[in-house]
Amino acid sequence: MHLGHTHDAPAAVSADATRPDGTRRALRIGLGGPVGSGKTATVAALCRELRDRLSIAVVTNDIYTREDADFLLKNAVLPPERIQAVETGACPHTAIRDDISANLEAVEDLEDAVGPLDLILVESGGDNLTATFSKGLVDAQIFVIDVAGGDDIPRKGGPGVTTADLLVVNKTDLAPYVGSDLERMALDAKKQRGDLPVAFTSLTSAEGVGPVADWVRAQLAAWAA
Ligand SMILES: Nc1nc2c(ncn2[C@@H]2O[C@H](COP(=O)(O)OP(=O)(O)O)[C@@H](O)[C@H]2O)c(=O)[nH]1
Ligand SMILES: [Mg+2]
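Owing to the predicted nature of the structure, the values given are computational and were not obtained by experimental measurement. (Residues numbered from 1 in each chain as written. Chains lettered and ligands numbered in written order. Predicted model: local features only at pLDDT ≥ 70, side-chain atom pairs only at ≥ 80, totals over all residues. Heavy atoms only, no water.)

**Quick notes on helix H1 (residues 39–50)**
Line of reasoning, step 1. End to end, H1 covers 16 Å across 12 residues, agreeing with the expected 16 Å (1.5 Å per residue, within 8%).
Line of reasoning, step 2. Judged by how many residues are buried, H1 sits mostly within the fold: 9 of 12 residues are covered.
Line of reasoning, step 3. Among the residues of H1, Lys-39, Thr-40, Thr-42, Val-43, Ala-44, Ala-45, Leu-46, Cys-47 and Leu-50 are the ones counted as buried.
Line of reasoning, step 4. Those residues of H1 that are buried lie in contact with strand E1 (27–32), strand E2 (56–62), helix H2 (67–74), strand E4 (119–123), strand E5 (140–146) and helix H9 (210–224). (Helix = DSSP H or I, 4+ residues; strand = E, 2+ residues; numbered from the N terminus. Expected span 1.5 Å × (residues − 1). Buried < 20%, exposed > 50% of the residue type's maximum accessible area, 1.4 Å probe, protein only. Contact = heavy atoms within 4.5 Å.)

Structure, rendered in structure tokens:
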């Protein structure tokens, strides 16, 4: 059992991969998953890990506020002009799946304002287990769950757990306290996902985001190729 190990997987690449001037646009990666699983913490840790070598921007989706954007600003993970908040109203999944116009506008504004960018991270508003991103908005998606949400979540499946390009099982540091069985979660995830990768993370340490950062780097290499 290799907890925290990720396998290489081909990058999902959408059709409109170039800017109007013919250069390659930024790779867009969506982060979805239930409220509180650690999406914002993952975005913050990825920015810290990757920002020295890559030009990064972030779009956050909150229901009525811009709390996630404010958290990222307060923690200075990126300069303020690289962070945009979208307020989604009552249905956060709609803004990433059905009517993606506000998110597309945010992504394109960022490319115009601070580009050229290598990577844009789009965090969904916290939602249930069924929310996935439109392929018209992101090139690849990460689904973040956590061990405290119950170790039966991988077994229960749903489109996020089953089809996301990377499944992150976060807060492994809490497993002993909440009685979650990581081996079982890994086996269940494998059963649901086949060869799609799974990363076990704990973001209480600076290097905890390592497996996710490695996966993002692999996606970027495939995107550039
Ligand atoms: N113990 C522990 N707490 C974490 C971890 N990752 C995030 N958290 C905490 O979980 C809470 C929710 O995280 P957040 O990133 O805001 O979740 P989001 O709603 O998915 O964006 C925050 O208080 C984080 O500090 C982790 O790996 N371990
Ligand atoms: Mg968040």
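**Remarks on the coordination of the magnesium ion (ligand 2)**
Line of reasoning, step 1. Taken together, the protein ligands of the magnesium ion (ligand 2) are Thr-40 (OG1), Asp-68 (OD) and Glu-123 (OE), with distances of 2.1 to 2.4 Å.
Line of reasoning, step 2. Coordination of the magnesium ion (ligand 2) draws on donor residues from a single chain, spaced T-x27-D-x54-E in sequence. A residue pair is termed long-range when its members are at least 10 positions apart, and Asp-68 in helix H2 and Glu-123 in strand E4 qualify at 55 residues.
Line of reasoning, step 3. For Asp-68, a relative accessible area of 16% translates into the label buried.
Line of reasoning, step 4. By relative accessible area, Glu-123 is classed as buried at 2%. (Donors = N, O, S within 2.8 Å, 3.2 Å for Na, K, Ca; no water.)

**Considering the sheet that holds strand E3 (residues 83–87)**
Line of reasoning, step 1. Taken in spatial order, the 7 strands of this open sheet run E3-E2-E4-E1-E5-E6-E7, and their pairing is parallel. Each edge of the sheet is formed by a strand with only one pairing partner; in this case those strands are E3 and strand E7 (198–200). Across the sheet, the mean angle separating the axes of adjacent strands is 20° when strand polarity is ignored.
Line of reasoning, step 2. Two elements, strand E6 (residues 166–170) and E7, share 3 bridges in a ladder whose sense is parallel. Bridging across to E7, Val-169 finds its partner in Phe-200.
Line of reasoning, step 3. The strands touched by H1 within the sheet are E1, E2, E4 and E5, with E4 carrying the most contacts at an inclination of about 165°. (Pairing = 2+ DSSP bridges. Axes fitted to C-alpha atoms, helices over the stretch in contact; angles between N-to-C directions.)

**What about the site of ligand 1?**
Line of reasoning, step 1. Of all residues adjacent to ligand 1, which total 16 residues, the nearest are Gly-36, Lys-39, Ala-41, Asp-173 and Leu-203.
Line of reasoning, step 2. Glu-123 is positioned such that a nitrogen or oxygen atom in its side chain is 3.2 Å from an oxygen atom of ligand 1.
Line of reasoning, step 3. Within the complex, the protein chains bury 66% of what would otherwise be the 580 Å² of accessible surface of ligand 1.
Line of reasoning, step 4. Per-element tally for the shell around ligand 1: the top contributor is H1, with 3 residues. (Near = heavy atom within 4 Å. Polar contact = N/O pair within 3.5 Å; in protein donor to acceptor, adjacent residues only side chain to side chain. Areas by Shrake-Rupley, 256 points an atom, 1.4 Å probe, with all protein chains shown as cover.)

**Some points on the packing of aromatic side chains**
Line of reasoning, step 1. Counted according to the given criterion, the structure contains 0 aromatic pairs.
Line of reasoning, step 2. Looking at Arg-24, its charged tip hangs above the ring of Trp-223, at a distance of 5.0 Å from the centre. (Phe/Tyr/Trp six-rings, centres within 6.5 Å; stacked < 30°, edge-to-face > 60°. Lys NZ or Arg CZ within 6 Å of the ring centre and 35° of its normal.)

**What about the nonpolar core?**
Line of reasoning, step 1. If you look at the biggest cluster of nonpolar residues, it comprises 32 residues, and the most contacted ones within it are Leu-121 and Ile-142.
Line of reasoning, step 2. The set of elements that each furnish at least two residues to this core consists of E1, H1, E2, H2, E4, E5, E6 and H9.
Line of reasoning, step 3. In contact with Ile-142, other than residues within four places in its own chain, are Ile-29, Gly-30, Leu-31, Gly-32, Ala-164, Leu-166, Val-168, Val-212 and Trp-215.
Line of reasoning, step 4. Counting residues in hydrophobic clusters, the runner-up holds 17 residues, among them Ile-96, Ile-100, Ala-106 and Ile-120. (Core = buried A, V, L, I, M, F, W, Y, C linked by side-chain atoms within 4.5 Å.)

**Comments concerning the side chain of Thr-60**
Line of reasoning, step 1. When you line up the elements, Thr-60 lands in strand E2.
Line of reasoning, step 2. Given the relative accessible area of 0%, Thr-60 is considered buried.
Line of reasoning, step 3. Setting aside residues no more than four positions away along its own chain, Thr-60 makes contact with Asp-68, Ala-69, Leu-72, Gln-84, Ala-85, Val-86 and Glu-123.

**Focus: the pattern of salt bridges**
Line of reasoning, step 1. Following the criterion strictly, the structure yields 9 salt bridges and no others.
Line of reasoning, step 2. Lys-156 is the salt-bridge partner of Asp-152, the closest N and O atoms lying 3.3 Å from each other.
Line of reasoning, step 3. For Lys-156, a relative accessible area of 57% corresponds to the exposed category. (Salt bridge = Lys/Arg side-chain N within 4 Å of Asp/Glu carboxyl O.)

**Describing the packing of H1 against H2**
Line of reasoning, step 1. Between H1 and H2, the shortest axis-to-axis distance is 10 Å and the interhelical angle comes to 35°. The two elements H1 and H2 meet at a crossing, and its hand is right-handed. In contact with Thr-40, Val-43 and Ala-44 of H1, H2 contributes Asp-68, Phe-71 and Leu-72.
Line of reasoning, step 2. When the residues that make up the contact of H1 with H2 are grouped by side-chain class, the tally is 4 nonpolar, 1 polar and 1 charged. (Left-handed = near helix turned anticlockwise from the far one by under 90°. Nonpolar A, V, L, I, M, F, W, Y, C, P; charged D, E, K, R; others polar.)

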